[in-house]
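Fold and geometry: a report
The lines below spell out each chain.
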Amino acid sequence: MSHDADTSENREWFDDEPVRFECTLCGRCCTGPSGFVLFSREEGEAIAERLGITYTDFYERYTHDTPAGRSLRETRYREPDGTVQHDCVFLDRESEPGSLICSLYEDRPTQCRTFPFWPEHMGSRRSWRLLGKTCEGIGRGDFVPASEIRIQRAKQDRSRAERRGLVPDDAP
């Protein structure tokens with residue numbers, strides 16, 4: 001059996017249909033229906049340091065338990081049309097009017113760093129196109145190599161496994 005035959009079985013839709021993505025810093029991935037922004041202990045410590053508080057203070061003030069695990073809190077925001085959005089507690093709507101800014105962008109959790117290349121978004125062309133209806137960065141910018149998508153997806157998978165306690169803290 002040839003090497004080409006082996007790899008063709010493992011091809012994914014984005015191997016044959018390259019995707020474009022460029023974050024526009026619109027903040028729409030940080031607001032919308034209620035959800036979860038999960039984080040590791042290490043990520044929580046980095047956020048606490050950025051905020052100039054202890055990890056315990058961060059944990060108590062900015063996070064809460066959810067069925068999915070410990071998550072950053074949300075705040076409710078009422079749009080002019082009356083629609084209620086659930087913003088990440090660190091989403092800043094005020095510093096730059098008309099913009100949505102992550103106040104801890106450099107220290108954001110893996111879940112945020114790997115968006116939009118999450119397994120559920122990359123599973124099919126349909127999922128990717130559906131996400132494009134709410135994420136204006138999809139279809140913009142340079143093509144993203146399939147290898148980079150796999151790296152980002154693997155980071156998200158590993159982060160999820162670590163939060164479930166499936167990967168020991170000292171694993172390589």
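Residues numbered from 1 in each chain as written. Predicted model: local features only at pLDDT ≥ 70, side-chain atom pairs only at ≥ 80, totals over all residues. Heavy atoms only, no water.

Turning our eyes to something else, we now look at the environment of Arg 163. Its place among the elements puts Arg 163 in helix H8 (residues 146–163). Along the chain, Arg 163 and Phe 39 lie 124 residues apart, while their C-alpha atoms are 7.3 Å from each other. Discounting residues that sit within four places of it in the chain, Arg 163 has contacts with Leu 38, Phe 39, Ser 40 and Gln 156. (Helix = DSSP H or I, 4+ residues; strand = E, 2+ residues; numbered from the N terminus. Contact = heavy atoms within 4.5 Å.)

This next bit is on the pattern of salt bridges. Evaluated as defined, the whole model comprises 14 salt bridges. A salt bridge links Asp 15 to Arg 150, with the nearest nitrogen and oxygen atoms 2.6 Å apart. Here the residue Asp 15 occupies a position in helix H2 (residues 13–16), and Arg 150 occupies one in helix H8, the gap between them amounting to 135 residues. Judged by its relative accessible area of 21%, Asp 15 is partly exposed. Taking relative accessible area as the criterion, Arg 150 reaches 28% and is therefore assigned partly exposed. In this structure, Arg 129 and Glu 17 form a salt bridge, with 3.1 Å as the shortest nitrogen-oxygen distance. Within this pair, whereas Arg 129 is found in helix H7 (residues 125–131), its partner Glu 17 is found in the loop between H2 and strand E1 (19–21), the two being separated by 112 residues in sequence. The network of salt bridges with common partners includes Glu 12, Asp 15, Arg 150 and Arg 153. (Salt bridge = Lys/Arg side-chain N within 4 Å of Asp/Glu carboxyl O. Buried < 20%, exposed > 50% of the residue type's maximum accessible area, 1.4 Å probe, protein only.)

Interhelical geometry of helix H3 (residues 41–51) versus helix H4 (residues 55–62) gives an angle of 95 degrees and a closest axis separation of 8 Å. On the basis of their axis angle, the class for H3 and H4 is roughly perpendicular. Side by side, H3 and H4 meet where Arg 41, Gly 44, Glu 45, Ile 47, Ala 48 and Leu 51 of the first sit next to Tyr 55, Phe 58 and Tyr 62 of the second. Residues belonging to the contact of H3 with H4 are distributed by class as follows: 6 nonpolar, 1 polar and 2 charged. (Axes fitted to C-alpha atoms, helices over the stretch in contact; angles between N-to-C directions. Parallel < 35°, antiparallel > 145°, perpendicular 65-115°, else oblique. Nonpolar A, V, L, I, M, F, W, Y, C, P; charged D, E, K, R; others polar.)

Taken together, the buried positions of H3 are Glu 43, Gly 44, Ile 47 and Ala 48. The buried residues of H3 all sit within an arc of 140 degrees when viewed along its axis, so they share a single face. For H3, the exposed residues set more than 90 degrees away from the buried face come down to Glu 42 and Glu 49. The inward-facing, buried residues of H3 abut H4 and helix H5 (110–113). Downstream of H3 by one or two residues, Gly 52 has phi in the positive range, about 75 degrees. (Arc of directions from axis to C-beta.)

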